[in-house]
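Remarks on the overall topology
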Amino acid sequence: MLNRRNFLTAAVGVAAATGLAACAKEDDSSSSTSGSGGSKKLVLGFSQVGSESGWRSANTDSVKEAAKEAGYTLKFSDAQQKQENQISAIRSYITQGVDVIAFSPVVVTGWDAVLKEAKAKKIPVVLTDRSVETSDESLFVTLVGSDFTDEGRRAAKILEKVLEKAGHKGPVKIAQLEGTTGAAPAIERAKGFKEVMDADHADDWKIVVSQTGDFTRAGGKQVMAAFLQSNPDIDVLFAHNDDMGIGAIQAIEAAGKKPGKDILIVTVDGVKDGFIAMSEGKINAIVECNPLLGPQLMEVVQKVKDGETVERWIKTKESDFMQDQAKAALPTRKY
Ligand code: GYE
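Residues numbered from 1 in each chain as written. Predicted model: local features only at pLDDT ≥ 70, side-chain atom pairs only at ≥ 80, totals over all residues. Heavy atoms only, no water.

Another point: helix 7 (residues 242-254). Note: α-helices contain 3.6 residues per turn, so residues at a spacing of three or four share the same orientation. The terminal C-alpha atoms of helix 7 lie 18 Å apart, and with 13 residues this matches the ideal 18 Å at 1.5 Å per residue to within 8%. Here helix 7 lies mainly inside the structure; 10 of its 13 residues are buried. Among the residues making up helix 7, those that are buried are Asp242, Asp243, Met244, Gly245, Ile246, Gly247, Ala248, Ile249, Ala251 and Ile252. A positive phi of about 80° marks Gly256, the residue just after helix 7. (Helix = DSSP H or I, 4+ residues; strand = E, 2+ residues; numbered from the N terminus. Expected span 1.5 Å × (residues − 1). Buried < 20%, exposed > 50% of the residue type's maximum accessible area, 1.4 Å probe, protein only.)

One can find Glu311 in strand 13 (residues 310-311). In this structure Glu311 comes out as partly exposed when scored by relative accessible area, which is 39%. Taking C-alpha positions, Glu311 is 9.3 Å from Val144, a pair spaced 167 residues apart along the chain.

On to the pairing of strand 6 (residues 125-128). Neither face of strand 6 is left uncovered, since the one carrying Val125 and Leu127 and the one carrying Val126 and Thr128 both have all their residues buried. Two strands pair when backbone bridges link them, and strand 5 (residues 100-103) and strand 6 are joined in this way by 3 bridges, in the parallel orientation. Bridge pairing in strand 6 places Ile101 opposite Val125. Where the polypeptide runs from strand 5 across helix 3 (residues 112-120) and back to strand 6, its parallel neighbour, the crossover connection is right-handed. (Pairing = 2+ DSSP bridges. Right-handed = clockwise from strand over helix to strand, strands pointing away.)

This part is about the site of the ligand. Neighbouring residues of the ligand: 13 residues in total, closest Glu52, Asp129, Arg130, Asn241 and Asp269. Here Glu52 contributes a side-chain N or O atom positioned 2.4 Å from an oxygen atom of the ligand. In the model, an oxygen atom of the ligand is placed 2.8 Å from a nitrogen or oxygen of the Asp129 side chain. Here the ligand occupies the largest cavity. Residue assignment for the shell around the ligand shows that the elements contributing at least two residues are helix 1 (54-70) and helix 5 (184-200). Of the residues belonging to the shell around the ligand, the class tally is 5 nonpolar, 2 polar and 6 charged. (Near = heavy atom within 4 Å. Polar contact = N/O pair within 3.5 Å; in protein donor to acceptor, adjacent residues only side chain to side chain. 1 Å grid on protein atoms, 1.4 Å probe; cavity = no way out; pocket = protein on both sides within 12 Å on 5 of 7 lines; lining within 4 Å. Sits in = over half its atoms within 2 Å of the grid points. Nonpolar A, V, L, I, M, F, W, Y, C, P; charged D, E, K, R; others polar.)

With that settled, the discussion passes to the packing of helix 4 (residues 148-166) against helix 5. The N-to-C vectors of helix 4 and helix 5 enclose an angle of 45°; their axes lie 6 Å apart at closest approach. In this view, helix 4 runs oblique relative to helix 5, as classed from their interaxial angle. Crossing of helix 4 against helix 5: the hand is right-handed. Here Phe148, Thr149, Glu151, Gly152, Arg153, Ala155, Ala156, Lys157, Leu159 and Glu160 of helix 4 lie close against helix 5, whose contacting residues are Ala184, Pro185, Glu188, Arg189, Lys191, Gly192, Phe193, Glu195, Val196 and Asp200. Split into classes, the residues belonging to the contact of helix 4 with helix 5 amount to 8 nonpolar, 3 polar and 9 charged. (Axes fitted to C-alpha atoms, helices over the stretch in contact; angles between N-to-C directions. Parallel < 35°, antiparallel > 145°, perpendicular 65-115°, else oblique. Left-handed = near helix turned anticlockwise from the far one by under 90°. Contact = heavy atoms within 4.5 Å.)

Quick look at unusual backbone geometry now. In this model, Gln80 sits at a positive phi of 50°, which is unusual for a non-glycine residue. Within the secondary structure layout, Gln80 lies in the loop between strand 4 (73-78) and helix 2 (83-96). Its relative accessible area of 56% is what places Gln80 among the exposed residues. With a phi angle near 60°, Gln81 is a residue other than glycine that sits in the positive phi range. Assignment of secondary structure puts Gln81 in the loop between strand 4 and helix 2.

Here the focus is the side chain of Gln86. Mapped onto the elements, Gln86 comes out in helix 2. Setting aside its immediate chain neighbours within four residues, Gln86 contacts Ser47, Gln48, Val49, Ala79, Phe103, Ser104, Pro105, Val106 and Trp111.

Mean pLDDT over the chain stands at 91; residues scoring 70 or higher make up 88%. Averaged pLDDT values over the elements of the chain bottom out at 40 in strand 1 (residues 9-10) and peak at 99 in strand 10 (residues 236-239). Below a pLDDT of 50 lies the segment residues 1-26, which in the model reaches 70 contacts outside its immediate sequence neighbourhood of four places, other chains included. (pLDDT = per-residue confidence, 0-100.)

Attention shifts here to the environment of Glu133. Examined against the element boundaries, Glu133 turns out to sit in the loop between strand 6 and strand 7 (142-145). Take Glu133: its relative accessible area is 36%, and that puts it in the partly exposed class. Separated by 51 residues in the primary sequence, Glu133 and Ala184 place their C-alpha atoms 9.2 Å from one another.

Read across the open sheet, the 6 strands follow the order 9-8-10-11-12-15; overall the sheet is mixed. Unpaired on one side and paired on the other, strand 9 (205-212) and strand 15 (320-322) mark the two borders of the sheet. The sheet shows a mean angle of 15° between the axes of neighbouring strands, direction not considered. Where strand 10 meets strand 11 (residues 264-269), 4 bridges bridge the pair, whose relative direction is parallel. Among the inter-strand pairings, Val236 is bridged to a residue of strand 11, identified as Leu264. Relative to strand 9, helix 6 (residues 217-230) is tilted by about 135°, and along the sheet it contacts strand 8 (172-178), strand 9 and strand 10. Against the sheet, helix 7 engages strand 8, strand 10, strand 11 and strand 12 (285-288), with an angle of about 155° to strand 11.

This is the structure:
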């Protein structure tokens, strides 16, 4: 995996791709303006994870709008959270000879073969949102996205405040709703959270149950209902995204408990529905993860196409929010 603490800059010696796509497909979009400088529009192939969450919808909109704004021809496909769909989308972009391929890998492993095919055709690959594990770092140019390990650490830190505010004393039984198994944000958010827990709360905090809810509301609801059956005395829920947290709230209410009071809840993302649940007192704190990556991605794509040097990891800036900030912040939320 990309060493996320490493801010190496990578020289990007990338040749331009050979020709544009033969024909337009349904999911192609372009604007009437041309890309910077040249007469030919830059052609970007983008493989999206899916449409599993509010974060993902905001990310998709941001990518589409920014590509239009930049005057690129965007070839977009939704992989419905299946790696094989992403691999075939990437293969089709290679065959079409797009200028740059960007994708948000659903899981971290299993990409080397297709990335080697792109390299052989001299098509540069930019990762966005999520990273990959690869033995050959030359297989992608850069990652535009968040520091998920830090988000996990921030979740643990904000939980300290939440517990204090709630006047919670004694041991803390934590349930964790993990994101998609094998996905960078699931692995790294769990890792960052555990790091703080092991260092500062080895004696009082314990993760009593932890399972994937696949980043969806339905998953969060179903898994939380099972958690409550096996562990009715859970004090805290740490959900790797708002959507799973919102699903879990439904399960908690169905079990006759009060989310945000009987069970304290910390989630990640900061989508509008998360803020609404927080302003209703049902989520206690949210660690923000910004999905509006489109404009930064388009800038990087242009640089990569032009053979310019870009940073190995272009990080997103984010904040944390406690419940008492929710009402004031809600009207300012952009996604
Ligand atoms: O937190 C979740 C989405 O990769 C950061 O994927 C993204 C995560 C986000 O489904 O809601």
